[in-house]
Amino acid sequence: MFPVLLAALLLLAGGGVARAENALEQVRERGELVIGTDATYPPFESKVGGRLEGFDIDLGNQIGKELGVKVRWVNSAWDGIFPALRTGKFDLVMSGVTITDERKQNLLFSRPYFLSGQTLARRRGDRRIGSADDLPGKIVCVQQETTGQTAAEKRGLPPESIRKFETLPEALLAVRNRQGDVAVGDLPALRDLIRKGYPELEVIGGVFVQENVGIVADPRSGDLIRGVDAALQRILDDGRYGRMYALWLGEPLPAADVARLNGLAAVGGGGVDSGSAFTIRWDLLQNALPLLLRGAVTTLYITGLTLLIGTPLGLLVALARLSGFRPLSTAAAFYVEVIRGTPLLLQIFVIYFVLPAVGISLPAFVAAVLALTLNAAAYIGEIFRAGIQSIDTGQMEAARALGMDYGAAMRWVILPQTVRRVLPPLTNEAVALLKDSSLVSVIALTELTRVGRELSTNSGSPITIYLAVAVLYLAMTLPLTYLVRRLEDRWQPISRPRAKAVAAKP
Amino acid sequence: MTTTTIPGSPTNGSGPPVLAIRDLHKSFGKLEVLKGISLEMREGQVSVLIGASGSGKSTLMRCVNRLETPTQGTVRFRDTEIGPANLTRVRREIGFVFQRFNLFPHLTALENVTLAPRCVLGAPAEQAEREARELLEQVHLSAKADNYPAELSGGQQQRVAIARALALRPALLMFDEPTSALDPELVGEVLEVMRDLAAEGRTMLIATHEMGFAREVASHVMFLHLGQILEEGPPDQIFESPREARTREFLARVLGP
Ligand SMILES: Nc1ncnc2c1ncn2[C@@H]1O[C@H](COP(=O)(O)OP(=O)(O)OP(=O)(O)O)[C@@H](O)[C@H]1O
Ligand SMILES: [Mg+2]
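Residues numbered from 1 in each chain as written. Chains lettered and ligands numbered in written order. Predicted model: local features only at pLDDT ≥ 70, side-chain atom pairs only at ≥ 80, totals over all residues. Heavy atoms only, no water.

Before going further, it helps to spend a moment on the overall build of chain B. The secondary structure content of chain B amounts to 9 helices and 10 strands. In terms of C-alpha radius of gyration, chain B reaches 18 Å, essentially the compact-globule figure of 18 Å for 257 residues. Its C-alpha atoms give chain B principal-axis dimensions of about 55 × 45 × 40 Å. For chain B, the residues scored as buried account for 57% of the 257 residues in total. Put simply, of all contacts in chain B between residues at least 6 apart along the chain, 67% involve residues at least 24 apart. Total accessible area on chain B stands at roughly 10800 Å², and carbon and sulfur atoms take up 47% of it. (Helix = DSSP H or I, 4+ residues; strand = E, 2+ residues; numbered from the N terminus. Rg over C-alpha atoms; globule rule 2.2 N^0.38 Å. Buried < 20%, exposed > 50% of the residue type's maximum accessible area, 1.4 Å probe, protein only. Contact = heavy atoms within 4.5 Å. Areas by Shrake-Rupley, 256 points an atom, 1.4 Å probe, with all protein chains shown as cover.)

Spelled out as structure tokens, the structure:
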């Protein structure tokens, strides 16, 4: 039922930009060219004062002019950018995208418009890293699903030593915070970012992998790409390209570049049409499933660990809030309100990226579990508090009247009853936590959602992957709900008599 | 028990003092509920508190074991003045039976009785259980030892509550309207148990609206009116020839025409 619904939704959501062999014609009719970009990549694209700017932005606008249409830019997260293109959200993607054979399987590229390459950034003076040969044994930070990641992987590094971040700045931040040793990324982007905001880092060596940057379209937009190629040729020839280059790269265009770009004109292309992005492709699952399952295990592990620590912690929070000692109850209330009043995503960021500023630099896994635990403890604390307060005051009085101290009364009388009462809301919290744990993917943990997003980027059939991810989440949450219903049944005598109460005298 | 008693008849309570209350006041905010109560109970004495609803009977008893904190005045239990420092220890020696039973619903009848001996006195499981079974026998509930409170009638629950209160061998038993929450046909079985306890010579302080029972078991009756003991004396005197008009009015109302 649910997968069907999801499929229907995805189909409906697909009705953005038209997708057909006559894409160029449709763009002209519309009078608007929609280009997707991830504006975290200066000097190619970044958002400054609410406006997008950069080399790609200027170039894209010029291409629009050549095609006789206005350009509308859509700022979009990198790891969803190709599925969005494939499902018709944009006509083109311009985001400093490197042309690779893998990408050419599902995407169509223009001719190269920029010569780039991968390079390294380290903490200033960190002599352990001098060239790409020094990468083994180091923690390497990259932006996920970029050619930086590919370059690192091609070096044969073990997967666990590669930390994948949502944006390149986050990868640099991790290196600066000593959560990683070295960042791999495009030379122009790395140089620009470091110049503007990371004086503690430096670019080392030259380019160790040569790369060509191109404009991306859906495989079925062949005529549009031909139009783009023609426009690029004119922009290269009449000198506009050189001016943009000087403006954004901060140095004159190397004399040989135009000739080299012209020589590489055949590098683009690709885009074998592998069918609609909405077709479910079971063959994809064979390769994807082991990876997805490993992601699911990570998700379970993080969630389980969080619950294991967060539940007793939550109980302590509840006891502190109910304590008669004012400073303690105020502190607990403050803690709960702060956690409940701020987004979990922000809490994760603070613990991973901001704590290092005061000298606490945590590995991603520890930071993830810590953030989730602190978050869950606040919510679980409220559940326990409500549970304890729902126990009739006569229970505490009866226990105290028997000479039990507060602790004993809690331990033997109040809490056993509370546990039974809070079990349903606690399970809801566990289910919510399992889903919320997907947020830790922002600090480079490859849990289930993250694996799904990575796979969908290059798979050509995002819907297949997303459906599999949904099914895996259900496979984890449904048993949990079922288990608790069973437990509740077993503890029934407390809430309801097994048999009708006997009124007769014994 | 050291006092000698005549089984079945009220004791006159001539033993050593167990409870001494001096000038006890209790206010809830602006409302003064107890306005200077003084009373004394000796070992083996059965004192009954009567009075209209809201006169302060429950509050008085709850001030004794400090489920409520008195605003003013002292409560002495045997040789100790009850205060925060000795509270948990003194409470063990004062059994309290609530109007609404307050049994622990997650424990069986037997476990309700063994809980306090085990976790307050640290009694070994075996011994606590043996004694609990004897107490359940005493309240005629041996057959229900393994039932949960929800599976018992109100009368049965209150008898378990009495057994629970007895488990710590208290020197004083307090009952706060133990039969008020019961269906009329269940009142008798609880009063019967209490009658037995009185006959054993237990020291008991009872708040009740059961006048027949009060007259039968009490060695001393106190009439509480608006937070003060308006009249007190032996049951015959209070019930036959009350001196105060208020007492007469109250008795006329509860006993009917
Ligand atoms: N916790 C409390 N807060 C405020 N007022 C209270 C509280 N407990 C009792 N009272 C008030 O104190 C007065 C005496 O109450 P109490 O329960 O002692 O009377 P009672 O003689 O036991 O009556 P009943 O026969 O109905 O049980 C009542 O007016 C009641 O409303
Ligand atoms: Mg009362």
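The next point concerns the interface of chain A and chain B. Residue-level contacts link 27 residues of chain A with 33 residues of chain B. Linking chain A with chain B are 1 salt bridge, by the criterion used here. B:Arg62 is paired through a salt bridge with A:Glu397; the nearest N and O atoms lie 2.6 Å apart. Counting across the interface, chain A meets chain B through 4 residue pairs in polar contact (both at pLDDT 80 or more). Going through the elements one at a time, α16 (393-401), α17 (406-436) and α20 (492-495) of chain A are the ones with two or more residues in the side of chain A that touches chain B. Looking at which element gives the most residues to the side of chain A that touches chain B, the answer is α16(A), with 7 residues. Tallied by class, residues from the side of chain A that touches chain B come to 16 nonpolar, 4 polar and 7 charged. (Salt bridge = Lys/Arg side-chain N within 4 Å of Asp/Glu carboxyl O. Polar contact = N/O pair within 3.5 Å; in protein donor to acceptor, adjacent residues only side chain to side chain. Nonpolar A, V, L, I, M, F, W, Y, C, P; charged D, E, K, R; others polar.)

For the rest of this paragraph, the subject is the pattern of salt bridges. Residue and element names in this part refer to chain A. Counted according to the given criterion, the structure contains 35 salt bridges over all chains. Residues Glu 382 and Arg 340 are paired through a salt bridge, measuring 3.9 Å at the closest nitrogen-oxygen approach. Highlighted residues: Glu 382 in helix α15 (residues 364-389) and Arg 340 in helix α13 (residues 326-340), separated in sequence by 42 residues. Of the residues examined, Arg 340 reaches a relative accessible area of 38% and is grouped as partly exposed. The partner of Arg 385 in a salt bridge is Glu 382, and the shortest N-O contact between them spans 2.9 Å. Of this pair, Arg 385 and Glu 382 both sit in helix α15, 3 residues apart, which is roughly one turn of the helix. Under the relative-accessibility criterion, Arg 385 is labelled partly exposed at 22%. Using a relative accessible area of 11% as the deciding quantity, one classes Glu 382 as buried. A single network of salt bridges, built from pairs that share partners, joins Arg 321, Glu 337, Arg 340, Glu 382 and Arg 385.

To continue, consider the site of ligand 1. Residues and elements named next belong to chain B. Taken together, Phe 28, Val 33, Ala 52, Ser 53, Gly 54, Ser 55, Gly 56, Lys 57, Ser 58, Thr 59, Glu 177 and His 209 make up the full set of residues near ligand 1. Ser 55 is positioned such that a nitrogen or oxygen atom in its backbone is 3.3 Å from an oxygen atom of ligand 1. Between ligand 1 and Thr 59, the relevant distance is 2.5 Å, taken from an oxygen atom to a side-chain nitrogen or oxygen of the residue. For ligand 1, the protein covers 61% of the area, taking 630 Å² as the surface of the free molecule. Among the elements that make up the shell around ligand 1, the one with the highest residue count is helix α1 (residues 57-64) (3 residues). Among the residues forming the shell around ligand 1, the class breakdown is 3 nonpolar, 7 polar and 2 charged. (Near = heavy atom within 4 Å.)

For the rest of this paragraph, the subject is helix α4 (residues 125-138) of chain B. All names here are of chain B. Look at α4: 20 Å from first C-alpha to last across 14 residues, which is about the 20 Å you get at 1.5 Å a residue. Summarising the contacts, the buried residues of α4 are in contact with α3 (109-120) and α5 (154-166). Backbone geometry just after α4 places His 140 at a positive phi near 60°. (Expected span 1.5 Å × (residues − 1).)

Another point: the UniProt feature "transmembrane region" (unreviewed entry) in chain A. As annotated by UniProt and renumbered to match this structure, "transmembrane region" (unreviewed entry) occupies residues 300-320, 360-380 and 463-484 of chain A. From the first C-alpha to the last, residues 463-484 of chain A spans 32 Å; its make-up is 100% helix and 0% strand. (UniProt positions renumbered as here; feature names shortened; annotations may be inferred.)

Bringing the confidence of the model for chain A into the picture now. Residues shown with low pLDDT carry predicted positions that ought not to be read at fine detail. Of the residues in chain A, 91% reach a pLDDT of 70 or more, and the chain-wide mean stands at 87. When the criterion is pLDDT under 50, residues 495-506 of chain A qualifies, and its contacts beyond four places in sequence or with other chains add up to 21 contacts. (pLDDT = per-residue confidence, 0-100.)

We now examine unusual backbone geometry. Residues apart from glycine generally show negative phi values, whereas peptide bonds are mostly found in trans. Residue A:Pro43 is bonded to the preceding A:Pro42 through a cis peptide linkage, with omega at 5°. Along the chain, the position of A:Pro43 falls in the loop between β2 (40-41) and β3 (45-48). Phi angles above zero are rare outside glycine, and B:Asp23 is one such case at about 50°. With respect to the helices and strands, B:Asp23 occurs in strand β1 (residues 17-28). Residue B:Asp23 is classed as partly exposed on the basis of its relative accessible area, which comes to 36%.

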